[in-house]
Amino acid sequence: MAAYEGSQVHEVLEQLDKELIGLRPVKTRIREIAALLVVERARKQVGLATGAPSLHMSFTGRPGTGKTTVAERMSQILHRLGYVRKGHVVTATRDDLVGQYIGHTAPKTREMLKKAMGGVLFIDEAYYLYRPENERDYGAEAIEILLQVMENNRDDLVVIFAGYKDRMDVFYQSNPGLSSRVANHIDFPDYTASELLAIAKLILATENYRFSEEATFAFSDYIQRRMQLPFFANARSIRNAIDRARMRQANRLFNNRGGGITKGDLITIEAPDITSSRVFAGEVEGLDPSLPITE
């Protein structure tokens, strides 16, 4: 299809496959949305009347499941197909949109919308915009402005609301006007242990590192333990663990520098670089910044 080949959307979809391990249902849904947009563009090119599809989205899932990365790739798809002018992503939270005093919220919200125009506004933990228990809260004002702009500028702005699924469900139930404008709901599942190990190896390869065979087994054990502890954030936790393992490796090599260091030493993460983590003692390493990373 000429509309597909000319837009080079396939490059973005291929990049998404390379960047993200797993997430098959998410990738399938993104491909379905891309296919709809390509067909709509082809219909328009041959003069078939059509209504602009609703593109505002909801991404639900726990932290570290790839929501921000998918938002960036979705914006590129929209840009290449001519649905937005710039194809950039502006990330916002409640603090970026809601003021603390009367008259502060509207300017803050409109400023963020102005920055996002021509691309995607990604609102993380969007449910914090709505606080019904506080009658003096100004989040409702921000939501009203968002609703107006989402409707009036739907041809040049896509808003993606993101957060934990259960809280987002309550958020939409409390805001029927908002729910009716969000047509695409995509749930991001947690990664499995094997997928998390593959993510770790991908991160290492990108940074010119590798696990030794013993370190691979040690990190598999680490993943199982870390998944059971509080504040687990999927791929984000894995990246943090890799960063700390690199620190331990660097410290180990520095302390042994008199013995000579090979290229293999420089690129290899060994088992002790993993097993010295406090996670093996049942603690969340890195949670308390006053405690050292290494033991």
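Note: the structure precedes this text.
Note that this is a predicted model, so its numbers are computed, not measured.

Caption draft 1: The overall build of the chain, seen in detail. Each helix and strand in the chain was counted, giving 14 helices and seven strands. Each of the 295 residues in the chain was classed as buried or not, and the buried ones make up 44%. The long-range share in the chain, meaning contacts at least 24 apart out of those at least 6 apart in sequence, stands at 74%. Averaged over its 38 positive side-chain charges, the chain has a centre that lies 3 Å from the centre of its 38 negative ones.

Caption draft 2: Here's a closer look at the sheet that holds strand E2 (residues 89-92). Judged by pairing direction, the sheet is parallel, and its five strands sit side by side in the order E2-E3-E4-E1-E5 without closing on themselves. Strands at the two margins of the open sheet, each flanked by one partner only, are E2 and strand E5 (184-188). Looking at each pair of strands side by side, their axes are set apart by 20° on average, direction ignored. Alignment of strand E3 (residues 120-124) against strand E4 (residues 158-163), held across five bridges, turns out to be parallel. Within E4, the residue paired with Asp-124 across the bridge is Ala-162. Helix H4 (residues 67-80) rests against strand E1 (57-61), E2, E3, E4 and E5 of the sheet, and its axis sits at about 160° to E1.

Caption draft 3: Quick look at the nonpolar core. One finds Phe-59, Ile-77, Phe-211 and Phe-219 to be the most contacted residues of the largest nonpolar core, which totals 56 residues. Ranked by size, the runner-up nonpolar core spans 30 residues in total, among them Tyr-127, Ile-143, Leu-147 and Phe-171.

Caption draft 4: Expanded view of the packing of helix H10 (residues 193-206) against helix H11 (residues 213-227). Packing of H10 against H11 leaves a shortest axis separation of 10 Å and a crossing angle of 125°. Taken together, the axes of H10 and H11 lie oblique to each other. The interaxial crossing formed by H10 with H11 has right-handed handedness. Along the contact surface, H10 presents Ala-193, Leu-196, Leu-197, Ala-200 and Lys-201, while H11 presents Thr-216, Phe-219, Ser-220, Ile-223, Gln-224 and Met-227. Taken together, the residues that form the contact of H10 with H11 break down as seven nonpolar, three polar and one charged.

Caption draft 5: Up close: the packing of aromatic side chains. Applying the stated criterion across every chain, the model contains seven aromatic pairs. The interplanar angle of 50° and the centroid separation of 5.1 Å between the aromatic rings of Phe-59 and Phe-188 together place this pair among those described as tilted. Within this pair, whereas Phe-59 is found in strand E1, its partner Phe-188 is found in strand E5, the two being separated by 129 residues in sequence. Across the pair, exposure class does not vary: Phe-59 and Phe-188 are buried alike. On the numbers, 6.3 Å between centres and 50° between planes, the contact of Tyr-222 with Phe-280 is tilted.

Caption draft 6: Main features of the packing of helix H2 (residues 9-19) against H4. Viewed as axis vectors pointing N to C, H2 and H4 meet at an angle of 170°, and their least axial separation amounts to 9 Å. Considering the angle they form, H2 stands roughly antiparallel to H4. Every residue of H4 that contacts H2 at Val-9, Glu-11, Val-12, Leu-13, Gln-15, Leu-16 and Glu-19 is listed here: Thr-69, Val-70, Arg-73, Gln-76, Ile-77 and Arg-80. For the contact of H2 with H4, the residue count by class is six nonpolar, three polar and four charged.

Caption draft 7: Molecular detail of unusual backbone geometry. The phi angle at Asn-208 is positive, at roughly 65°, despite the residue not being glycine. Checked against the element boundaries, Asn-208 lands in the loop between H10 and strand E6 (210-211). The backbone of Phe-231 sits at a positive phi, close to 65°, despite the residue not being glycine.

Caption draft 8: Molecular detail of the environment of Gly-64. Note on placement: Gly-64 falls in the loop between E1 and H4. Between the C-alpha atom of Gly-64 and that of Arg-244, which follows or precedes it by 180 residues, the distance is 17 Å. Residue contacts for Gly-64: discarding those within four places in its chain leaves Tyr-191, Ala-233, Asn-234, Ala-235 and Arg-236.

Quick notes on the rules
- Just so you know, the residues in each chain are numbered from 1, in the order the chain's sequence is written.
- In view of the model being predicted, local features appear only for residues whose pLDDT reaches at least 70, and side-chain atom pairs are presented and counted only at 80 or more, with totals across whole chains, interfaces and linings using the full set of residues.
- Side-chain measures here rest on the full set of heavy atoms in the structure, leaving out hydrogens and waters.
- Secondary structure elements follow DSSP: runs of H or I no shorter than four residues count as helices, runs of E no shorter than two count as strands, and numbering proceeds from the N terminus.
- When a residue's accessible area, from a 1.4 Å probe over protein chains only, is under 20% of the maximum for its type it is buried; when over 50% it is exposed; and in between it is partly exposed.
- In this description, contact between two residues means that some pair of their heavy atoms is separated by no more than 4.5 Å.
- All tallies of charge rest on Lys and Arg as positive and Asp and Glu as negative; His and the ends of each chain are not included.
- In this description, the location of a charge corresponds to atom NZ of lysine, CZ of arginine, CG of aspartate or CD of glutamate.
- A pair of strands is treated as paired once DSSP finds two or more bridges between them.
- Helix axes are fitted to C-alpha atoms over the stretch in contact, other axes to C-alpha atoms as well, and angles between N-to-C directions run from 0 to 180 degrees.
- What is meant by a nonpolar core is a set of buried Ala, Val, Leu, Ile, Met, Phe, Trp, Tyr and Cys residues, joined one to another through side-chain atoms within 4.5 Å.
- These descriptions rest on fixed angle ranges, namely under 35 degrees for roughly parallel, over 145 for roughly antiparallel, 65 to 115 for roughly perpendicular, and the rest for oblique.
- Handedness of a helix crossing follows the sense of rotation of the near helix relative to the far helix, less than a right angle counterclockwise being left-handed and clockwise being right-handed.
- Only Asp, Glu, Lys and Arg are considered charged, only Ala, Val, Leu, Ile, Met, Phe, Trp, Tyr, Cys and Pro nonpolar, and every remaining residue, Gly among them, polar.
- The aromatic pairing rule takes the rings of Phe, Tyr and Trp, using the six-membered ring of Trp, and pairs them if the centres are within 6.5 Å, calling planes under 30 degrees apart stacked, those over 60 edge-to-face and the rest tilted.

Read these as spatial facts, not as claims about activity.
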